[in-house]
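# Summary of structural features
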Amino acid sequence: GAGVSQSPSNKVTEKGKDVELRCDPISGHTALYWYRQSLGQGLEFLIYFQGNSAPDKSGLPSDRFSAERTGGSVSTLTIQRTQQEDSAVYLCASSLGSYTFGSGTRLTVV
Amino acid sequence: QKEVEQDPGPLSVPEGAIVSLNCTYSNSAFQYFMWYRQYSRKGPELLMYTYSSGNKEDGRFTAQVDKSSKYISLFIRDSQPSDSATYLCAIQDLGGATNKLIFGTGTLLAVQP
């Protein structure tokens, strides 16, 4: 596609439920990043995928967070047993050099 | 100490003003510096990219890097209401395998018509 597509754009979930966030990167971009943007905190790196290499998960805040990238394309970020502090905008970016960000998924945990 | 610190703002300026946005960073090994612009409910988009020290100009925008003081700036001349957005400085960490970006917290700018 023309850009990075993320879905859903908004998600409200109850505390304790699991959520899945999807990212469709730009075709041909081998690198894919997930970031979290909380109010007043800037963008926090979560995870990085590059081709078929093992992902860099060093930014994941807890073991409730996981991500996968199927076929080197679509990526899914899963948050299990959501907590209120997980409320944030989750941004995906793909890259062949410079980053192109999607519009993000705004997650609200109530 | 955070790796990248950014003046939090918010800033409100009249149309036509010169705007100065600033960040400091801690690691003298950093070489690649960026400014992103983020409109409300959108993802960040790359505005300027600078390697090492010096100035880079693009239209009304000038990015400046002073590696001796670990200070980066973005200047906007003749600011317009359409410049109203959050501006994020970012540094690319080439020390690991990810080439991840390290972002400042962002400065919210409002240009009043």
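Note: the structure precedes this text.
Residues numbered from 1 in each chain as written. Chains lettered and ligands numbered in written order. Predicted model: local features only at pLDDT ≥ 70, side-chain atom pairs only at ≥ 80, totals over all residues. Heavy atoms only, no water.

Moving on to the overall build of chain A. Helix and strand content of chain A: zero helices and 10 strands. Since a compact globule built from 110 residues should have a radius of gyration of about 13 Å, the 13 Å found for chain A is in line with a globular shape. The principal-axis extents of the C-alpha atoms in chain A amount to approximately 35 × 25 × 25 Å. Put simply, of all contacts in chain A between residues at least 6 apart along the chain, 53% involve residues at least 24 apart. Roughly 5200 Å² of accessible area belongs to chain A as shown, and the carbon and sulfur atoms make up 44% of that amount. (Helix = DSSP H or I, 4+ residues; strand = E, 2+ residues; numbered from the N terminus. Rg over C-alpha atoms; globule rule 2.2 N^0.38 Å. Contact = heavy atoms within 4.5 Å. Areas by Shrake-Rupley, 256 points an atom, 1.4 Å probe, with all protein chains shown as cover.)

Our focus in this paragraph is the overall build of chain B. From N to C terminus, chain B includes zero helices and 11 strands. Counted from the first residue to the last, chain B has its helices and strands arranged as β-β-β-β-β-β-β-β-β-β-β. The C-alpha radius of gyration computed for chain B amounts to 14 Å, which stays within 12% of the reference 13 Å derived for 113 residues, consistent with globular compactness. Summarising its shape, the C-alpha atoms of chain B cover approximately 45 × 30 × 25 Å along the three principal directions. Within chain B, buried positions represent 43% of all 113 residues. Here the analysis covers contacts within chain B between residues at least 6 apart in sequence; of these, 53% occur between residues at least 24 apart. When the accessible area of chain B is evaluated, it comes to approximately 5400 Å², of which 48% is carbon and sulfur surface. In chain B, the 10 positive side-chain charges and the 11 negative ones have mean positions that sit 5 Å from each other. (Buried < 20%, exposed > 50% of the residue type's maximum accessible area, 1.4 Å probe, protein only. Lys, Arg positive; Asp, Glu negative; His and termini not counted. Charge placed at Lys NZ, Arg CZ, Asp CG, Glu CD.)

All right, on to the pairing of strand E5 (residues 42-50) of chain A then. Across the nine residues that make up E5 of chain A, a large majority, seven, are buried. Here strand E4 (residues 31-38) of chain A folds back onto E5 of chain A, and the loop between the two strands holds three residues, one of which, Gly40 of chain A, carries a positive phi near 75°. (Pairing = 2+ DSSP bridges.)

All names here are of chain A. Taken in spatial order, the four strands line up as E1-E3-E7-E6 in an open sheet, and their pairing is antiparallel. Each end of this open sheet is capped by a strand with a single partner; those strands are strand E1 (5-7) and strand E6 (65-69). The sheet shows a mean angle of 15° between the axes of neighbouring strands, direction not considered. Where E1 lies against strand E3 (residues 19-24), three bridges are found, and the strand directions are antiparallel. Each residue of the ladder has a partner; that of Ser7, found in E3, is Arg22. (Axes fitted to C-alpha atoms, helices over the stretch in contact; angles between N-to-C directions.)

To continue, consider unusual backbone geometry. Residues apart from glycine generally show negative phi values, whereas peptide bonds are mostly found in trans. Of note, the amide linkage connecting Ser7 of chain A to Pro8 of chain A takes the cis form, showing an omega dihedral of -10°. Structurally, Pro8 of chain A can be placed in the loop between E1 and strand E2 (10-13). The backbone phi angle of Arg41 of chain B is positive, close to 65°, even though this residue is not glycine. Position of Arg41 of chain B relative to the elements: it lies in the loop between strand E4 (32-38) and strand E5 (45-51).

Attention shifts here to the interface of chain A and chain B. Facing 18 residues of chain A, the contacting portion of chain B comprises 17 residues. Here chain A and chain B share an interface that buries about 1400 Å² over both sides, 53% of which is from carbon and sulfur atoms. Put simply, chain A and chain B have zero salt bridges between them. Linking chain A to chain B there are three residue pairs in polar contact (both at pLDDT 80 or more). The set of elements that each furnish at least two residues to the side of chain A that touches chain B consists of E4, E5 and strand E9 (99-101) of chain A. Within the side of chain A that touches chain B, the residues separate by chemical class into eight nonpolar, eight polar and two charged. (Buried area = accessible area lost by both parts, 1.4 Å probe. Salt bridge = Lys/Arg side-chain N within 4 Å of Asp/Glu carboxyl O. Polar contact = N/O pair within 3.5 Å; in protein donor to acceptor, adjacent residues only side chain to side chain. Nonpolar A, V, L, I, M, F, W, Y, C, P; charged D, E, K, R; others polar.)

Residue and element names in this part refer to chain A. Applying the stated criterion across every chain yields a total of two disulfides over all chains. Disulfide pairing is shown between Cys23 and Cys92; the S-S distance is 1.9 Å. The chirality of the disulfide connecting Cys23 with Cys92 is left-handed, given an S-S dihedral of about -65°. Taken as a pair, Cys23 in strand E3 and Cys92 in strand E8 (residues 88-95) lie far apart in primary sequence, 69 residues in all. (Disulfide = S-S within 2.5 Å.)

It is worth spelling out the pattern of salt bridges at this point. Residues and elements named next belong to chain B. Applying the stated criterion across every chain yields a total of six salt bridges over all chains. Arg77 is the partner of Glu57 in a salt bridge, and the nearest nitrogen-oxygen pair spans 3.5 Å. Of this pair, Glu57 sits in strand E6 (residues 54-58) while Arg77 sits in the loop between strand E8 (71-76) and strand E9 (85-92), and the two are 20 residues apart along the sequence. Overall, Glu57 belongs to the exposed group, its relative accessible area being 58%.

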